[in-house]
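# Structural overview
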Amino acid sequence: MEVFIEKCAGLDVHSETIVACVIKGTHEDDLYKETETFPTLTKDLFRLLKWLESHEVTHIAMESTGVYWKPVFNILEDFFDITLANAQRIKNVPGRKTDVSDAEWIAKLLRHGLIEKSFVPPVDIRELRDLTRLRKKWISHLVSEKNRIQKVLESSNVKLSTVISDVFGVSGRKLLNRLIEQGYVDEADVEKDIHGKLVPKKQRITDSLFGTINEHQIFLIRQSWQHIQYLETLISEIEERMDQLLQNYQEELQLLITIPGVSKDTAAVIIAEIGVDMSQFPTSQHLASWAGVSPGNHESAGKRKSTRTVKGNPHIKSAMCEAAWAVSRSRNRWLANKYWSLAARRGKKKALVAISHRMLRVIYSMLLNKEPYKEPQIV
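Source: prediction; values computed, not measured. (Residues numbered from 1 in each chain as written. Predicted model: local features only at pLDDT ≥ 70, side-chain atom pairs only at ≥ 80, totals over all residues. Heavy atoms only, no water.)

### Comments concerning the nonpolar core
Leu256, Ile271, Met359 and Ile363 are the most contacted members of the largest nonpolar core, which totals 47 residues. When residues of this core are traced back to their parent elements, those giving at least two are helix H4 (123-155), helix H8 (215-245), helix H9 (250-256), helix H10 (264-274), helix H11 (284-291), helix H12 (314-328), helix H13 (334-346) and helix H14 (348-369). Examining the composition of this core, we find that nine residues originate from one element, H14, more than from any other. Here methionine 359 is in contact with Ile259, Pro260, Val262, Met320, Ala323, Ala324, Val327 and Leu335, once residues within four sequence places are set aside. Counting residues in hydrophobic clusters, the runner-up holds 28 residues, among them Ile149, Leu153, Ile164 and Leu176. (Core = buried A, V, L, I, M, F, W, Y, C linked by side-chain atoms within 4.5 Å. Buried < 20%, exposed > 50% of the residue type's maximum accessible area, 1.4 Å probe, protein only. Helix = DSSP H or I, 4+ residues; strand = E, 2+ residues; numbered from the N terminus. Contact = heavy atoms within 4.5 Å.)

### Points about the pattern of salt bridges
As enumerated under the stated definition, the model contains 19 salt bridges in all. Ionic pairing is found between arginine 47 and glutamate 36, a salt bridge with its closest N-O pair at 3.7 Å. Pair noted here: arginine 47 is in helix H1 (residues 42-54) and glutamate 36 is in strand E3 (residues 32-39), with a separation of eleven residues, a long-range link. Its salt-bridge partner being aspartate 189, residue arginine 178 comes within 3.9 Å of it at the nearest N-O pair. With arginine 178 in helix H5 (residues 170-182) and aspartate 189 in helix H6 (residues 187-193), this pair connects stretches of sequence that are eleven residues apart. Judged on exposure class, the residue arginine 178 and its partner aspartate 189 are both buried. Connected through shared salt-bridge partners, Lys33, Glu104 and Lys108 make up one network. (Salt bridge = Lys/Arg side-chain N within 4 Å of Asp/Glu carboxyl O.)

### Focus: a positive patch on the surface
A cluster of basic residues, Lys338, Arg345, Arg346, Lys350, Arg358 and Arg361, forms a positive patch on the protein surface. Among the secondary structure elements, those contributing two or more residues to the positive patch are H13 and H14. Topologically, arginine 346 is positioned in helix H13. (Patch = residues over 30% accessible without salt bridge, like charges linked within 9 Å, V, L, I, M, F, W, Y side chains within 5 Å. Areas by Shrake-Rupley, 256 points an atom, 1.4 Å probe, with all protein chains shown as cover. Lys, Arg positive; Asp, Glu negative; His and termini not counted. Charge placed at Lys NZ, Arg CZ, Asp CG, Glu CD.)

### Re the environment of isoleucine 221
The residue isoleucine 221 is located in helix H8 in this model. Isoleucine 221 sits in the buried class, given a relative accessible area of 2%. Residues isoleucine 221 and asparagine 157, spaced 64 residues apart in sequence, show a C-alpha to C-alpha distance of 14 Å. Leaving out residues up to four positions away in the same chain, isoleucine 221 has contacts with Ile149, Val152, Leu153, Ile180 and Ile213.

### Focus: the sheet that holds strand E1 (residues 7-13)
One open sheet accounts for five strands, arranged E3-E2-E1-E4-E5; its pairing is mixed. Of all the strands in the sheet, just E3 and strand E5 (81-85) have a single pairing partner and so form its edges. Across the sheet, the mean angle separating the axes of adjacent strands is 20° when strand polarity is ignored. One ladder, built from five bridges, connects strand E4 (residues 59-63) with E5; its direction is parallel. Its bridge partner lying in E5, isoleucine 60 is registered against isoleucine 82. The sheet strands contacting helix H2 (residues 69-76) are E1, strand E2 (17-24), E4 and E5, and the helix crosses E4 at an angle near 165°. Contacting E1, E2, E3, E4 and E5, helix H3 (residues 99-111) runs over the sheet at an angle of about 140° to E1. (Pairing = 2+ DSSP bridges. Axes fitted to C-alpha atoms, helices over the stretch in contact; angles between N-to-C directions.)

### Let's talk about the packing of aromatic side chains
Applying the stated criterion across every chain, the model contains eight aromatic pairs. Seen in terms of ring centroids, tryptophan 69 and phenylalanine 73 are 5.6 Å apart; in terms of plane orientation they differ by 85°. Their pairing is edge-to-face. With tryptophan 69 and phenylalanine 73 both in helix H2, this residue pair falls four residues apart, about one helical turn. Across the pair, phenylalanine 73 and tryptophan 69 agree in class, each one buried. The interplanar angle of 80° and the centroid separation of 5.8 Å between the aromatic rings of phenylalanine 119 and tryptophan 290 together place this pair among those described as edge-to-face. Note that phenylalanine 119 is positioned in the loop between H3 and H4 and tryptophan 290 in helix H11, a separation of 171 residues in sequence. Relative accessible area serves as the criterion here: at 14%, phenylalanine 119 is assigned to the buried category. The exposure class of tryptophan 290 is partly exposed, given its relative accessible area of 25%. Linked through ring pairs, Phe119, Phe281 and Trp290 together constitute an aromatic cluster. (Phe/Tyr/Trp six-rings, centres within 6.5 Å; stacked < 30°, edge-to-face > 60°.)

### With respect to the side chain of arginine 111
You can see arginine 111 is positioned in helix H3. Residue arginine 111 is classed as buried on the basis of its relative accessible area, which comes to 2%.

### As for the pairing of E4
Counting buried residues along E4, four of its five residues qualify, which places the element largely inside the surrounding structure. Where E1 lies against E4, four bridges are found, and the strand directions are parallel. Bridge pairing in E4 places alanine 9 opposite isoleucine 60.

### Digging into the packing of H10 against H12
Here H10 crosses H12 at 150°, and the two axes come no closer than 10 Å. Taken together, the axes of H10 and H12 are roughly antiparallel relative to one another. Judged by the twist between their axes, the crossing of H10 over H12 is left-handed. From H10, Thr266, Val269, Ile270, Glu273 and Ile274 reach across to H12, where they touch His315, Ile316, Ala319, Met320 and Ala323. Its residues assigned to classes, the contact of H10 with H12 shows seven nonpolar, two polar and one charged. (Parallel < 35°, antiparallel > 145°, perpendicular 65-115°, else oblique. Left-handed = near helix turned anticlockwise from the far one by under 90°. Nonpolar A, V, L, I, M, F, W, Y, C, P; charged D, E, K, R; others polar.)

In structure tokens form, the structure reads like this:
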């Protein structure tokens, strides 16, 4: 087989050890191999760096195993051309599997150019990615706490949610604070705390707050309420830091929010997950497949089998599905019309993934050409 890289190395990364195999030479006759095992402590990673430099290695490949590859990548990325490989795509031949043979197999594949690079964004994009994912986790906890309060209120026969659509809006929060502080809410308190469209519902709100709530249930509500306030503070701090990181990507951010259904938060997730350099993906179809919004391709003996979507990046996939659901609720939009047309024939879930696929391909073209979204003409 043709040799593409003369001096390369394969790393088999684990929690406590790294097995490194260096292969040098252009012909099988004069091939040089050397394998060594290093601990994963920081000082040992720098020793690995010196060892690789002593062998004049130019290219490195390793599997993307959990989070163990990250510290290795962070230390070596400025010195070598690193290929981060999908572990599923570089499996060794069954049998005789050891860490040494795995490292050598990775080096051989890299030497012959048989490993596709995984997408690893720049440092600031990776930091933004960490923030958007953490924000999503905190919002999930926030929703859980709100649901927990609703559950306690229902169990004490406080029917506030049947009268107020958003219990955690401005008026609802004032009423909940009053309930936590006093243990009850009378008509005078309701009149002070509600405003706007809720004023005509004053009597209904007062009646809904009359329940069988006791001290134990108030304690439970107070615990969840304090957690909600703390989570909201954390989310606010994360959003401030996200805004700082997004200062360098204002052009791309403004382009993305021109798409119907894409908010600023969704645009931040898109930038964090796929970056802004579309040269990482050969085509928009590659991007859609990487994100997991493309139909599968399984054919055998001339028969098409399952076409369920392939596994991809779950974070960008969920963000695109949320955006597709948002655009389906808009009026006089081409994407919305396309969604309802597909939903009538294939069902809402398949239509949602199909619109996500189309939107992601549009995003690819927009970021590649630096052009805003243009609404197609509805015929």
